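# Coordinate inspection notes
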Amino acid sequence: MLAPTLMKKILLLLGIVMLSGCHYSPKLNIDNQFEARHSSRNAKHHMNITAQTCPYRLTEFKDARSNKSLGRVAFSVIENDVTQWSIDALKTFNIHPDVNREYLQVKVSLVKAYIHSVNTAMAANIVFKVEKKSPEVKAFDQPQYYRGYSVSTNWATGRGEILDTLNEAMTDAISKMRANLDRQCR
Amino acid sequence: MTKFPTAFVKAALVVITLGLTGCGITPNHYVGASVTKEINSVDVYIAVPQVEINADVDPSSLANAGGGGLLLALIDVAVENSRANTAEKLIAPIKDALVEFDFNQALKAAVAKELEGVDWLNVDDIVLVNAPTQDIERSYNTADAEAILYVNAGYSVTADFKSLRAWAYNTMLPKADKLKPFGEKPDSRVARSTPWHLDNNLYRDNVGVSINVVSGKNKDESALKMSQDPKQLRESMLVTIDELAKAIARSLKKNGQADNINKVS
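Residues numbered from 1 in each chain as written. Chains lettered and ligands numbered in written order. Predicted model: local features only at pLDDT ≥ 70, side-chain atom pairs only at ≥ 80, totals over all residues.

### Things to note about the overall build of chain B
Within chain B, the regular secondary structure consists of 9 helices and 6 strands. A buried classification covers 36% of the 265 residues belonging to chain B. (Helix = DSSP H or I, 4+ residues; strand = E, 2+ residues; numbered from the N terminus. Buried ≥ 20, exposed ≤ 12 C-beta atoms within 10 Å, placed from the backbone.)

### Description of the overall build of chain A
Broken down by element type, chain A carries 4 helices and 8 strands. When the helices and strands of chain A are listed from N to C terminus, the series reads α-β-α-β-β-β-α-β-β-β-β-α. The buried share of chain A, taken over its 186 residues, is 36%. A sequence separation of at least 24 residues applies to 74% of the contacts in chain A between residues at least 6 apart. (Contact = placed C-beta atoms within 7 Å.)

### Quick notes on the confidence of the model for chain A
The pLDDT averaged across chain A works out to 83; a share of 77% of its residues lies at or above 70. This stretch, residues 19-23 of chain A, has a pLDDT under 50; its non-local contacts, to residues over four places away or in other chains, come to 6 contacts. (pLDDT = per-residue confidence, 0-100.)

### Quick notes on helix 8 (residues 219-228) of chain B
Residue and element names in this part refer to chain B. Three or more residues of helix 8 are buried, namely S222, A223, M226 and S227. The arc that holds every buried residue of helix 8, seen down its axis, measures 125 degrees, which confines them to one face. Tucked into the core, helix 8 has its buried residues touching helix 4 (70-97) and helix 9 (230-253). (Arc of directions from axis to C-beta.)

### Some thoughts on helix 3 (residues 82-92) of chain A
Residue and element names in this part refer to chain A. Among the residues of helix 3, those classed as buried are W85, S86, I87, A89 and L90. At its buried positions, helix 3 is contacted by strand 2 (56-63), strand 5 (95-96), strand 6 (105-118) and helix 4 (159-181). Directly after helix 3, the chain includes N94, whose backbone phi takes a positive value near 65 degrees.

### Some remarks on the nonpolar core
All names here are of chain A. Core analysis: the largest hydrophobic core is formed by 102 residues, its most contacted members being I115 and F128. Looking at this core, the element that brings in the most residues is helix 4, giving 9 residues. Residue contacts for I115: discarding those within four places in its chain leaves L70, G71, V73, I78, M122, A123, A124, I162, T165 and L166. (Core = buried A, V, L, I, M, F, W, Y, C linked by C-beta atoms within 7 Å.)

### Points about the confidence of the model for chain B
Across chain B, pLDDT averages 88, with 87% of residues at or above 70. Counting contacts from residues 18-22 of chain B, a segment whose pLDDT is below 50, to residues more than four positions away or on other chains yields 8 contacts.

### Notes on the packing of helix 5 (residues 103-115) of chain B against helix 9 of chain B
Residue and element names in this part refer to chain B. Where helix 5 contacts helix 9, the two axes come as close as 9 Å, and the packing angle between them is 40 degrees. It follows that helix 5 is oblique to helix 9 by the angle criterion. Where helix 5 crosses over helix 9, the two elements pack in a sense that is right-handed. Facing F103, A106, L107, A110, V111, K113, E114 and L115 of helix 5, the residues of helix 9 in contact are M237, L238, I241, D242, A245, K246, I248 and A249. (Axes fitted to C-alpha atoms, helices over the stretch in contact; angles between N-to-C directions. Parallel < 35°, antiparallel > 145°, perpendicular 65-115°, else oblique. Left-handed = near helix turned anticlockwise from the far one by under 90°.)

### Describing the environment of A:F128
Examined against the element boundaries, A:F128 turns out to sit in strand 7 (residues 121-133). Placed 15 residues apart in sequence, A:F128 and A:A113 show a C-alpha to C-alpha distance of 8.9 Å.

### Quick word on the environment of B:V239
Among the secondary structure elements, B:V239 is positioned in helix 9. Placed 28 residues apart in sequence, B:V239 and B:I211 show a C-alpha to C-alpha distance of 7.9 Å.

### With respect to the environment of B:Y155
Residues and elements named next belong to chain B. For Y155, the position within the fold is in strand 4 (residues 147-157). Sequence spacing of Y155 and F103 is 52 residues, and the spatial spacing of their C-alpha atoms is 9.0 Å. What Y155 contacts, discounting residues up to four positions off in sequence, is I53, F103, L164, R165, A166 and T240.

Following this line, the structure appears as structure tokens:
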């Protein structure tokens, strides 16, 4: 049988957890380091793109999100240095601020970047608005949007699993962007 | 084997029930005409915590139906992950169709228009909060009106992808000392120590609206129809927002209709 003191402690803990859950929103800072993660639904497609890309010059990057938060998972408010993370991701896919390309240039705006809970799962979305300069026109085209998303099970609202889900959505978005940009490379 | 004594189990049940009750299963609350007459200015804070439209996903309840158990709970997790994947795939084109649609600004404009029709509500300022949570403490401290109305809103596509849904949780806190005695529980310990605590609420209510947009044989067809006509979708969003703003105004008008109103919905 459980000792009365232990029972009291368990009840107190249970009470605190139940009541504090209503209002407590801890901030969860996650890593800024991008690591390409390919989802099972489009891994093969993504791998080919990463291997074949020609370099593009990133002439401008803008964080154009109206809501600067990365969203919420369970009770945690997710935060990181989104600009650094996004530029890291673009560099991984050969879209680089330091590359000298006269015509293959892009202006990229981050329009949406968030993760949210869906029952016991979590879903991340990344949306970029991209204007590219093509060799024929020598001016920036009409902007196009590229969305990436990812869904995974939320086991413990851990930093690692949240970052993995966001990285997968980022990989998905930039892969779609590169698939279009690569047409200019040929 | 360790057995839990009956008293312990009962006490745990009481704690869980009280905890859940504290989270949100509480009645709405309105104030009477004698209070609304005292309110000379109101600042309104509108927060929409989500970044984009989401799809409703029905939770799996195999574990509940089967009487519990870890195996069924794990099956629930797998089912919910699959449903979330399907929902995210189906809603992506709908999100793309609305990528430049600013729900928050449209809601602010609609609420501003509808609040003009609430006689007793003398709105000073309407502020849009772009954050994942409504920072009540900060807005309470910066507001200079006699009372502060908080509107926490959200919106989604229903799980069958046929309708748009929007909702708001509204609360009003007193800032002026003369209004503080009219809160729900102004004498509670937390109400006295924390002016923005919900025990001080003058008014509290949930409102929600749902607008049918398309009809399809299944959710795939409905989602496709919804995303194929972006103009129609944006118009439906505006209708949903207008209906939500009207519902918010209707709820506010219940204040001041009589004295000492305190209803359970």
